[in-house]
Amino acid sequence: MEVRWALRSYRPIMAHTIRATGLRKRYGAVRAVDGVSLEAGEGEFLGVLGPNGAGKTTLLEMIEGLREPDEGEVTVLGLPVWPRNAALLPRIGVQLQATSFFERLTAREQLRTFASLYGASGARADAMLETVGLAAKADTRVEKLSGGQAQRLSIACALVHDPEVVFLDEPTAALDPQARRNLWDVLRAISTGGRTVVLTTHSMDEAETLCDRVAIMDEGRVLELGPPAALVRGLDVPARVSVPSGRLPRAEAAALPGALDAADDGVSLVVSTRDPAAVLAAMGARDALDGVQVRGATLEDVFLHRIGREYRA
Amino acid sequence: MNTGVVRSLTRALFVGFVRDRAALFYTLLFPLFFLVVFAGVFGSADSPRVEVARVAPVPLLDQALAHDPGLRDTIEVTAYRTPEAAVRAVEKGDADAFAAQDGGTLSIRYSVADRVQSGIVQSLFGGLTQAANRAATGERPAYRLEARQVEDASLSAIQFFTPGLLGWALSMAGVFGASTTLVTWRKNGLLRRLRLSPAPLRSVFAARVLVSLVTALIQLAVFLGVALLPVFGLRLTGAWWMSIPLVLAGVLAFLGIGMLVGAWARTQEAASAVTQLIVLPMAFLGGSFFPLDSAPGWMRTLSYVFPLRYLNDGMLDVMARGLGPASALPQIAALLAVAVVTSLAAARIFRWDAT
Ligand SMILES: Nc1ncnc2c1ncn2[C@@H]1O[C@H](COP(=O)(O)OP(=O)(O)OP(=O)(O)O)[C@@H](O)[C@H]1O
Ligand SMILES: [Mg+2]
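Values in this document were obtained by computation on a predicted structure and should not be read as measured data.

K.L.:
Let's hear about the nonpolar core: which residues, and what values?
P.N.:
Nonpolar side chains in soluble globular proteins tend to be buried together. Residues Phe102(A), Leu111(A), Leu153(A) and Leu299(A) are the most contacted members of the largest nonpolar core, which totals 66 residues. Residue contributions to this core peak at seven residues, all from helix H5 (residues 147-159) of chain A. When near neighbours in sequence (up to four residues on either side) are disregarded, Phe102(A) contacts Gln110(A), Thr113(A), Phe114(A), Val142(A), Leu9(B), Leu13(B), Trp185(B), Leu190(B) and Leu194(B). Core analysis: the next-biggest nonpolar cluster, separate from the first, contains 57 residues, Leu32(B), Leu170(B), Leu213(B) and Phe223(B) among them.

K.L.:
Quick one: what's the story with the sheet that holds strand S11 (residues 239-244) of chain A, residue by residue and with numbers?
P.N.:
Residues and elements named next belong to chain A. Taking strand neighbours across the sheet as the criterion, the four strands line up as S12-S13-S11-S14 in an open arrangement whose pairing is antiparallel. Two strands close off the open sheet at either side, each with one partner strand: strand S12 (259-264) and strand S14 (293-295). Between one strand axis and the next, the sheet turns through 20 degrees on average, direction left out of account. Here S12 runs beside strand S13 (residues 268-273); their pairing, made up of five bridges, is antiparallel. Within S13, the residue paired with Ala 259 across the bridge is Thr 273. Taken strand by strand, helix H10 (residues 276-285) contacts S11, S12, S13 and S14, and its axis lies near 20 degrees from that of S11.

K.L.:
With reference to specific residues and values, describe the packing of helix H9 (residues 243-264) of chain B against helix H10 (residues 268-285) of chain B.
P.N.:
In helix packing, the relevant descriptors are the interaxial angle and the interaxial distance, both defined with respect to the helix axes. Residues and elements named next belong to chain B. Where H9 meets H10, the closest approach of the two axes is 9 Å, and the angle between their N-to-C directions is 150 degrees. Classed by the angle they form, the pair H9 and H10 counts as roughly antiparallel. Relative to H10, the crossing made by H9 is right-handed. Across from Phe 254, Ile 257, Val 261 and Trp 264 in H9, the residues of H10 making contact are Ala 271, Val 274, Thr 275, Ile 278 and Met 282. Considering only residue class, the contact of H9 with H10 consists of eight nonpolar, one polar and no charged.

K.L.:
Summarise the site of ligand 1; cite the residues concerned and give the values.
P.N.:
All names here are of chain A. In the neighbourhood of ligand 1, 15 residues make up the surrounding shell, with Gly 53, Lys 56, Thr 57, Thr 58 and Gln 97 lying closest. Interatomic distance of 2.8 Å between a backbone N/O atom of Gly 53 and an oxygen atom of ligand 1. One of the backbone nitrogen or oxygen atoms of Ala 54 is found 3.1 Å away from an oxygen atom of ligand 1. Contact with the protein chains hides 69% of the accessible area of ligand 1, taken as 630 Å² for the molecule alone. Among the secondary structure elements, those contributing two or more residues to the shell around ligand 1 are strand S2 (30-40) and helix H2 (56-64). No other element matches the three residues that H2 contributes to the shell around ligand 1. Class assignment of the residues belonging to the shell around ligand 1 gives a composition of five nonpolar, eight polar and two charged.

What counts, and at which threshold
- Residues numbered from 1 in each chain as written.
- Chains lettered and ligands numbered in written order.
- Predicted model: local features only at pLDDT ≥ 70, side-chain atom pairs only at ≥ 80, totals over all residues.
- Heavy atoms only, no water.
- Core = buried A, V, L, I, M, F, W, Y, C linked by side-chain atoms within 4.5 Å.
- Buried < 20%, exposed > 50% of the residue type's maximum accessible area, 1.4 Å probe, protein only.
- Helix = DSSP H or I, 4+ residues; strand = E, 2+ residues; numbered from the N terminus.
- Contact = heavy atoms within 4.5 Å.
- Pairing = 2+ DSSP bridges.
- Axes fitted to C-alpha atoms, helices over the stretch in contact; angles between N-to-C directions.
- Parallel < 35°, antiparallel > 145°, perpendicular 65-115°, else oblique.
- Left-handed = near helix turned anticlockwise from the far one by under 90°.
- Nonpolar A, V, L, I, M, F, W, Y, C, P; charged D, E, K, R; others polar.
- Near = heavy atom within 4 Å.
- Polar contact = N/O pair within 3.5 Å; in protein donor to acceptor, adjacent residues only side chain to side chain.
- Areas by Shrake-Rupley, 256 points an atom, 1.4 Å probe, with all protein chains shown as cover.

Shown next as structure tokens:
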């Protein structure tokens, strides 16, 4: 991931595939999106992270051309998205946060109907059904699909016409771990094919594995924007070395070379450190390495650091 | 407009409609059920029959029946054993009159429970007596009454109810179909999703309208098929095929009303309630359930507010009254005008999403 990103970041980007400048949208007193500017290059995989109500969907829908911004402008593939631009629409694929289908059609009929709206073939629709793992459910009515299956069908509808730019609003929210990995593979394949993908997610590992860059949003603003690895490095959070409780007294652990602090909750002893190598060596010398786990800072730490830990409605 | 898109959308929507049991019931079975019941209940009321009870022979009546075979369609004579039994039959409504003749006096006893029927009984026997008097004096009548119906066939119950109930069925299907589609698609977000597809919105609407037109033709075929069965005995008159353009124009008008309701309503419940508020009064005042000829003047004037009135009139004219094809043109024009006005209004207040 990182290598790929590094290569791409040094490639001069001629024209931005997506360019959003100064976007604002308010609903009454709520500033859903409050001054966001974003760019995405050709083939880039951009993630938007943020708590519930951060404004991700509103931002995405303004970029798709589904909502009119109060302020600001968006171009996709060099074309303005608002008002509805029929020249642009065949080139973008969209999965909205709420799945919406024609009533009482089977999964196959549904996808074929969407394919026909885009002038894509029925064969392509059937292949797409296979890709999202719904071939066995082809003849099931959409009302009878499980939440995750419906979501996969909705994603298939977004990809059926092989768009150049793909927008996905929480595509993996209802998926089981296996379906999620499968979808990651699909999205990775799309992205390596030179297509630009923007997705919103609540899953940090999803953002870390898939995205070239992530934007962390809260209260309508972008707080951080950059490659996940760079964001994590920039955070400067200590690594945590943990072993099962009882291997080492807490006070002794806290005094190990390189250790900043140690905590024991009765299950695990966790030592925080900026020099995990030194801590591991010292633990090894004490023969306390059985069951050791080392965890560096993750995107989740960045997220929690920026958004705060307290729960907000 | 892209014909491929329209074709595949039409197919998808039609498949979805056919799988909707409730919609099928309300567009076909429910109105057909009314047709069967109404034709059964009012079927015998087409040519008023008079049932006459007698004990002893009534020569005057027998002569008249022998003389004028047409009367046999109107009068049915039943013999009873005793005068008491005959009177009881009249009281119970099994017979309309108890007739007896004593030399030169014809006496009848009837009940006023049914005023129409008692009037018929009086004038019928009055006429018989006068005719017999004239025949007895050998006087040539100075005036002769020649009566003929304007319709080529009598406007029996089935002749009236087939177009009327079909019109009601079409209005339900059209108004409900359009309003429900619009509200559901807005609520479940399909409208927004379709907006992001390159298919023009008018293709989507064209497909929806096509589905309704096809459905309406199926309704017409099924209604005529059932009503033409010998049990019901509908007789179609010459220009009945003009009911096809009438039905299509009618559906466009009803879809227009439905779209207006659907564009306005925020919830399915509101849409259903308003649709009911429109369709039911329209069916009554538009002349689907009873002929408006005998209705008070204000009601007849009011009835022209409803497009169903034009559809019912037009269909009755060409299907049952035997008027020529051109007679339906003003009604078709009125229906199309309603369609245009309501669709334009709907387009003005149309909203893509629920908020
Ligand atoms: N149509 C609307 N009318 C009024 N307020 C809205 C509307 N859409 C969104 N909002 C408000 O705007 C804010 C941002 O909503 P948005 O849906 O963009 O959040 P989100 O980041 O996508 O959240 P989630 O993770 O829950 O999907 C919220 O406070 C929401 O209540
Ligand atoms: Mg959202």
